[in-house]
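# Descriptive analysis of the structure
In case you want the letters, here they are:
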Amino acid sequence: MHIASMTGFARVEGKADIANLKYDWAFEIKSVNGKNLDIKFKLPAFLDSLSLELKEIAARYFSRGSVSVFLELNSQLLEKQPQVNIDLLNQLAEAADAVAAKYGDKFRAPSLGELLALPQVIDFADKRLDDNQIEELKKALKDSFVKACEKLKEARFAEGEKIKGALLEIGAKINKIVGQIEVLFEKLPQKIKEGLQSRVAELSGDLPAVSEERLAQEIVLYITRADIREEIDRLKAHMKTFAELLESSQPAGRRLDFLCQELNREANTTCSKSMNITLTNFGMELKALIEQLREQVQNME
């Protein structure tokens, strides 16, 4: 199975010629950790409606993570198309005629060429796209966004392979500790019995004699309190599930996060029942490894 991280970055460029306009653009997508899939877009204002369609596309590729999408879009005219401000030209011509009439030979009325050369009279304005042309641009952008999502998914898989390696290493250490705890637990009843008998022998001069039956009852009580067989079995079962999830074909981040909570619960119970310093140390080491496991799982999709 390919494990996917929730962190990654992708950039995809594209271009298209639409309605005598040459467009070029670049999609940049960045994703970081998140409990759910949260996608934020930064698009040109006239393409705001495209964000809903892009969100649907992204949801086909990702199930978790905080994703930021930025679109840089540029355009330029393939052919310059002059646009004359007729109203302004008429106002200027009327004003020039009025001045010429007032001053006579002292003032020469400007020519048409001189008036056209004045600021804002003539402009090479961008051509606006109609609805069909905007849809054509959107389609081209969506095709590019699909490529960007595919590229980001590849980046998240590449990062996920590193996470999987770390998880396998930590998992192997946890299995080793659980095995050591199990071996120690098998020897624990005899150690408890020997410890109680030794303690009773030390105090026999100051206390009334303790019957074998009473001593046996105390041994059973101590062993019952220290019984961690169920915790060991559950730890082993959880680690088996852990191995299966790593090979699952579906995103397993949420389930592994829950599994870490269950592992930690069993580790806490093991420590609380411990009557042996070695067992306590194993339990503390186990908790530290589970925390390392959880930190890695937090990065998984």
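See the structure above.
Residues numbered from 1 in each chain as written. Predicted model: local features only at pLDDT ≥ 70, side-chain atom pairs only at ≥ 80, totals over all residues. Heavy atoms only, no water.

### Digging into helix α2 (residues 86-103)
Applicable threshold: We count a stretch as a helix when DSSP gives it H or I for four or more residues in a row; a strand needs E for two or more, and each element gets its number in order from the N terminus. Expected helix span is taken as 1.5 Å per residue step, with the number of steps being one fewer than the number of residues. Whether a residue is buried, partly exposed or exposed follows from its accessible area with a 1.4 Å probe, protein chains only, as a fraction of its type maximum: under 20%, in between, or over 50%, in that order. Of all possible arcs, the one meant is that of the directions from the helix axis to the C-beta atoms.
In a regular helix each residue adds 1.5 Å, so 18 residues correspond to 26 Å; α2 covers 26 Å between its end C-alpha atoms and thus fits that length. Taken as a whole, α2 has its buried residues at L89, A96 and A100. Across the axial projection of α2, the buried residues extend over an arc of 35 degrees, all falling on one side. Exposed side of α2, more than 90 degrees from the buried face: D87, Q91, E94, A101 and K102 are the residues found there. A positive backbone phi angle near 60 degrees is found at G104, which sits one or two residues after α2.

### Quick word on the environment of R225
Here is the rule we go by: Residue contacts are defined here by distance: any two heavy atoms, one from each residue, within 4.5 Å place the two residues in contact.
Tracing the backbone shows R225 in helix α5 (residues 212-225). With 49 residues separating them in the primary sequence, R225 and S274 have C-alpha atoms 8.7 Å apart. Excluding its chain neighbours within four sequence positions, the residues that come into contact with R225 are K273 and M275.

### Remarks on the packing of helix α7 (residues 253-273) against helix α8 (residues 277-297)
Helix-helix packing is described using two parameters, namely the angle between the two axes and the distance between the axes. We count it as follows: In this analysis, axes come from line fits to C-alpha atoms, helices being fitted only over the stretch in contact, and the angle between any two N-to-C directions falls in the range 0 to 180 degrees. An angle below 35 degrees is treated as roughly parallel, one above 145 as roughly antiparallel, one from 65 to 115 as roughly perpendicular, and anything else as oblique. Left-handed describes a crossing in which the near helix is turned anticlockwise from the far one by less than a right angle; the clockwise case is right-handed. Three residue categories are used. Nonpolar comprises Ala, Val, Leu, Ile, Met, Phe, Trp, Tyr, Cys and Pro, charged comprises Asp, Glu, Lys and Arg, and polar comprises the others, including Gly.
Contact pair α7 / α8: the axes reach a minimum separation of 9 Å and the direction vectors enclose 165 degrees. Here α8 runs roughly antiparallel to α7, going by the angle between their axes. Every pair of crossing elements has a handedness; the one defined by α7 and α8 is left-handed. For the pair α7 and α8, the contacting residues are G253, L256, D257, C260, L263, N264, A267, N268, T270 and C271 in the first and L279, T280, G283, M284, L286, K287, I290, L293, R294 and V297 in the second. Here the residues of the contact of α7 with α8 sort into eleven nonpolar, six polar and three charged.

### Considering the side chain of S31
Short version of the rule: What qualifies as a polar contact is a pair of N or O atoms within 3.5 Å, subject to a donor-acceptor requirement within protein and to the restriction that residues adjacent in sequence count only when both atoms come from side chains.
Along the chain, S31 falls in strand β2 (residues 21-32). Side-chain polar atoms of S31 contact the side chain of R156, separated by 3.3 Å. Not counting the four nearest positions on each side in its chain, S31 is found in contact with M6, T7, G8, S66, V67, L152 and R156.

### A word on the nonpolar core
Applicable threshold: Residues enter a nonpolar core if they are buried and are Ala, Val, Leu, Ile, Met, Phe, Trp, Tyr or Cys, with the set joined through side-chain atoms within 4.5 Å.
Judged by nonpolar contacts, the single largest core of 32 residues is most densely connected at L167, I174, I181, F242, L256, L286 and L293. Elements with a minimum of two residues in this core: α4 (131-203), α6 (229-246), α7 and α8. Tallying contributions element by element places α4 first for this core, with ten residues. Look past the residues within four positions of I181 in its chain and what remains in contact with it is I228, I232, L279, F282 and L286. Within the second largest apolar cluster, 30 residues are counted, among which are A10, L47, L71 and L141.

### Focus on the packing of aromatic side chains
Heads up, the condition is: Only centres within 6.5 Å qualify two rings of Phe, Tyr or Trp (six-membered ring in Trp) as a pair; their planes then separate them into stacked at under 30 degrees, edge-to-face at over 60, and tilted for everything else.
Here the structure, examined in full by the defined rule, presents three aromatic pairs. Measuring from ring centre to ring centre gives 6.3 Å for F41 and F145, while their planes differ by 50 degrees; the resulting arrangement is tilted. One end of the pair, F41, is in strand β3 (residues 37-42); the other, F145, is in helix α4, and 104 residues separate them in sequence. Note on F41: relative accessible area 22%, which makes it partly exposed. Relative accessible area serves as the criterion here: at 1%, F145 is assigned to the buried category. Relative to F62, the ring of Y61 lies with its centre 6.2 Å away and its plane at 45 degrees, an arrangement referred to as tilted. The class of Y61 is buried, set by a relative accessible area of 18%. According to the relative accessible area criterion, F62 is buried, its value standing at 4%. Taken together through their ring pairs, the aromatic side chains of F27, F41 and F145 make up a single cluster.

### Focus on α7
The first and last C-alpha atoms of α7 sit 31 Å apart over 21 residues, in line with the 30 Å expected at 1.5 Å per residue. Among all positions of α7, only G253, L256, L259, C260, E262, L263, E266, A267, T270 and C271 are buried.

### Remarks on the pairing of strand β1 (residues 8-18)
Cut-off, in case you're wondering: Should DSSP find at least two bridges between two strands, the strands are taken to pair.
Going residue by residue along β1, you find G8, A10, V12, G14, A16 and I18 tucked away on one face and F9, R11, E13, K15 and D17 left uncovered on the opposite face. Looking at chain direction, β1 and β2 are connected through eleven bridges and run antiparallel. The partner of V12 across the bridge, within β2, is F27. The hairpin formed by β1 and β2 contains two residues between the paired strands, and A19 there has a positive phi angle of roughly 50 degrees.

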